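Breakdown of the fold
Chain by chain, the residues:
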Amino acid sequence: HDTPSHWHAQSNARDAGRGNEGESLNGPIAKMGGSAAAVLSFLPSLGPATVAPLPSGGAEGDDGAPSCFPYHPDSPSKTSPADLPTLFSGCALRLTDGRNLGYIIVGDLNSDRVVVLCNGNPGSRLEARVHGNAAYAAGVRLVCVDRQGVGLSDPVKTEEQNTLKQFVSDVGELLDHLCVDRYSVVGYSTGGPAALALSKYDERVSRVGLLASVAPLAVFGTNDMPLEARFMFFLSKRAPGLLTALVSNRVGNHLSRNKAIADPSHLDRLIEEFSVSRVWQGTDKEFVDNVDWTKRRLFMVSTLEAFRQGAKGCTDYGSLITDHWGFLLATIDKPVHLYHGTKDDTVPIQMTEYLESRLQHTETRFIQGQGHLSLICRYMGQALKDVTTDLDCNPQVAL
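**Structural notes on the overall build of the protein chain**
When helices and strands are tallied, the protein chain shows 15 helices and 8 strands. Here the protein chain holds 399 residues, and 60% of them are scored as buried. Pairs at least 24 residues apart make up 81% of the contacts formed inside the protein chain by residues separated by at least 6 positions. For the protein chain, the exposed area adds up to about 15000 Å²; of that, 51% sits on carbon and sulfur atoms.

**Focus on helix α12 (residues 312–322)**
Where burial is concerned, most of α12 is hidden: 10 out of the 11 residues are buried. Those residues of α12 not exposed but buried are G313, C314, T315, D316, Y317, G318, S319, L320, I321 and T322. The inward-facing, buried residues of α12 abut α3 (164–177), α4 (192–201), α5 (217–220), α6 (227–238), α7 (240–253) and α11 (293–306).

**Considerations on the packing of aromatic side chains**
Counted according to the given criterion, the structure contains 4 aromatic pairs. With a centroid separation of 5.9 Å and an interplanar angle of 90°, the aromatic rings of Y201 and F327 are classed as edge-to-face. Here F327 lies in the loop between α12 and β7 (336–341) and Y201 lies in helix α4, a separation of 126 residues in the sequence. The partly exposed category is assigned to Y201, whose relative accessible area is 29%. Between the aromatic rings of F220 and Y354, the centroid separation amounts to 5.8 Å while the plane-to-plane angle is 65°, which identifies the pairing as edge-to-face. Of this pair, F220 sits in helix α5 while Y354 sits in helix α13 (residues 349–358), placing them 134 residues apart in sequence. As far as burial versus exposure is concerned, F220 and Y354 are alike and both buried. An aromatic cluster is present here, built from Y201, W325 and F327 joined pairwise through their rings. One residue, R147, lies across the ring of Y317, its end atom 4.0 Å from the ring centre. A cation sits over an aromatic face here: R257 above F88, 5.0 Å from the ring centre.

**Points about the pairing of strand β2 (residues 100–107)**
Counted residue by residue, β2 has 7 buried out of 8 residues, so it is predominantly covered. Both strand β1 (residues 91–94) and β2 contribute to a ladder of 4 bridges, which runs antiparallel. What sits directly across from R94, in β2, is N100. Taking the residues between adjacent antiparallel strands as the criterion, β1 and β2 are bridged by 5 residues, where G98 takes a positive phi near 95°. In terms of strand pairing, β2 meets strand β4 (residues 141–145) through 5 bridges, oriented antiparallel. Across the sheet, residue Y103 finds its bridge partner in β4, namely V145.

**Considerations on the sheet that holds strand β3 (residues 114–118)**
One open sheet accounts for 8 strands, arranged β1-β2-β4-β3-β5-β6-β7-β8; its pairing is mixed. The open sheet has two edge strands with one neighbour each: β1 and β8 (362–367). Between one strand axis and the next, the sheet turns by 25° as a mean value, whatever way the strands run.

**Description of the pattern of salt bridges**
Applying the stated criterion to the full structure yields 17 salt bridges. A salt bridge links D386 to R365; the shortest N-O distance between them is 2.7 Å. Taken together, the positions of D386 in helix α15 (residues 380–387) and R365 in strand β8 put the pair 21 residues apart, joining distant regions of the chain. For R365, a relative accessible area of 13% corresponds to the buried category.

**Describing α15**
Side chains three or four residues apart in an α-helix point the same way, a direct result of the helix having 3.6 residues per turn. Of all 8 residues making up α15, 6 are buried, and the element is well covered by its neighbours. Taken residue by residue, α15 has M380, G381, A383, L384, D386 and V387 as its buried positions.

**Examining the packing of α6 against α7**
With their axes 5 Å apart at the nearest point, α6 and α7 run at an angle of 125° to one another. On the basis of their axis angle, the class for α6 and α7 is oblique. Contacts from M232, L235, S236, K237 and R238 in α6 reach P240, L242, L243 and L246 in α7. Here the contact of α6 with α7 is composed, by residue class, of 6 nonpolar, 1 polar and 2 charged.

**Focus: the confidence of the model for the protein chain**
Detailed reading of predicted coordinates is not advised where the pLDDT is low. For the protein chain, per-residue confidence averages 81 on the pLDDT scale, and residues scoring 70 or more make up 78% of the total. Confidence drops under pLDDT 50 across residues 1–20; counting only partners more than four residues distant or on other chains, this segment forms 47 contacts. Contacts for the low-pLDDT stretch residues 22–76, under 50 throughout, to residues beyond four places or in other chains number 191 contacts.

**A closer look at the nonpolar core**
Counting residues in each nonpolar core, the largest one holds 57 residues, and the members touching the most others are L211, L267 and L384. Among the elements that take part in this core, α11 stands out by supplying 7 residues, more than any other. In this structure, L384 is in contact with V115, A134, A135, A138, V140, L142 and V186, ignoring residues within four places of it in sequence.

What counts and what doesn't
- Per chain, residue numbering runs from 1 following the sequence as it is written.
- Per-residue local features are limited, in this predicted model, to residues with pLDDT of at least 70; the limit for side-chain atom pairs, both in listing and counting, is 80 or more; totals at the level of whole chains, interfaces and linings are taken over all residues.
- Based on all heavy atoms of the structure, the side-chain values leave hydrogens and waters out of the count.
- Helix and strand labels come from DSSP, where a helix needs a run of H or I of at least four residues and a strand needs a run of E of at least two; each type is numbered from the N terminus.
- For each residue, the accessible area found with a 1.4 Å probe, counting protein chains only, is set against the maximum for its type, and the residue is called buried under 20%, exposed over 50%, and partly exposed in between.
- Here, residues are in contact when the closest pair of their heavy atoms is within 4.5 Å.
- Accessible surface area values rest on a Shrake-Rupley calculation with a 1.4 Å probe, where residue burial reflects the displayed protein chains alone.
- Within 6.5 Å between ring centres, the rings of Phe, Tyr and Trp (the latter by its six-membered ring) count as paired, and their orientation is classed by plane angle as stacked under 30 degrees, edge-to-face over 60, tilted in between.
- Here, a charge over a ring is recorded when the distance from Lys NZ or Arg CZ to the ring centre is within 6 Å and its angle to the ring normal is within 35 degrees.
- Strands pair, by our definition, only if DSSP identifies at least two bridges between them.
- Axes, fitted as lines to C-alpha atoms, cover a helix only where it is in contact. Angles between the N-to-C directions of the axes lie from 0 to 180 degrees.
- Here, a salt bridge means any side-chain nitrogen of Lys or Arg that lies within 4 Å of a carboxyl oxygen of Asp or Glu.
- Orientation is classified from the angle alone, with under 35 degrees giving roughly parallel, over 145 giving roughly antiparallel, 65 to 115 giving roughly perpendicular, and any other angle giving oblique.
- Under the scheme applied, nonpolar residues are Ala, Val, Leu, Ile, Met, Phe, Trp, Tyr, Cys and Pro; charged residues are Asp, Glu, Lys and Arg; polar residues are all the others, including Gly.
- A score between 0 and 100, pLDDT records how confident the predictor is in each residue.
- Grouping buried Ala, Val, Leu, Ile, Met, Phe, Trp, Tyr and Cys residues that are joined through side-chain atoms within 4.5 Å yields what is termed a nonpolar core.

Okay, here's the thing in structure tokens:
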């Protein structure tokens, strides 16, 4: 990478009894929670692509692998109508309780090294495509699912089922279907809680990678986060119905998947808005200004797909992670690799320091000069390599 980096590594084998996660680092327990952090602009997620290799042709990716979609210079809009079915593609598995679980697989589809990707919120399975080239270069089969009520995944049947443990159960059924005996997990931003839940409840997990992950918001609070994120998290905790209504209005009038499919030029306008969003500052603003247009489109498509069924799936997840996660960090016994950029203006670096202080086994890397989105995109390949160093082989499943 051309950006200078400084690695700070620390491996810990701590007594699970030391430290109380109920003691906030910021003083009193915060009244704000976590939700669609900056729902309308804060969008790191993974991406879509059915179980098929990356299409050949088109522009080159960051690592030399072919990008998924060609640029159409002769089209009135940069997105061709012919691209849309592939852009919004994916698979769905019928779970034992009758619900559908949307998912996508990208990267090296012949690899025995499987990693489950937990994207940020709002986002969908389709965000995995943003990281498809990095996964291919790392020799990883990258699996990403839609959370409950998002994309192709049906919502849970009762509010009591809206838990991280239910998410783990759903992912477990998919991995059983794919004949995966051992895997690792990478999560970023608000996807971190889901990644940690998998490591807590599924013994098949080997290692965990967390890039700029949030800490337990019910304990840590949101005081050091941007105003937009604090407002969203506050509503998701105190007035989730109001938040759902506000986001639903925004989705219906602007972030409409159906509108983008009917008029590809609308999708292109959203991509341009993504680039000039006031949410991006400093290092991330510079990164977004210079990232290639195809990657911006993948991020935007993931966001539109997240709202395929409306806003409730995303706002429900926001409410979920603002509450107690259902487990203590000190009870996770898997190795956890932590990454955080020193220029992150979205998730404060103190959250990674908090995670490091509570988890039993960590290797922490603070990367000089990186922001939030820039870290996630530039260091995904490194995280995938780190979490797959000791993965057992998995049998290939006939797809």
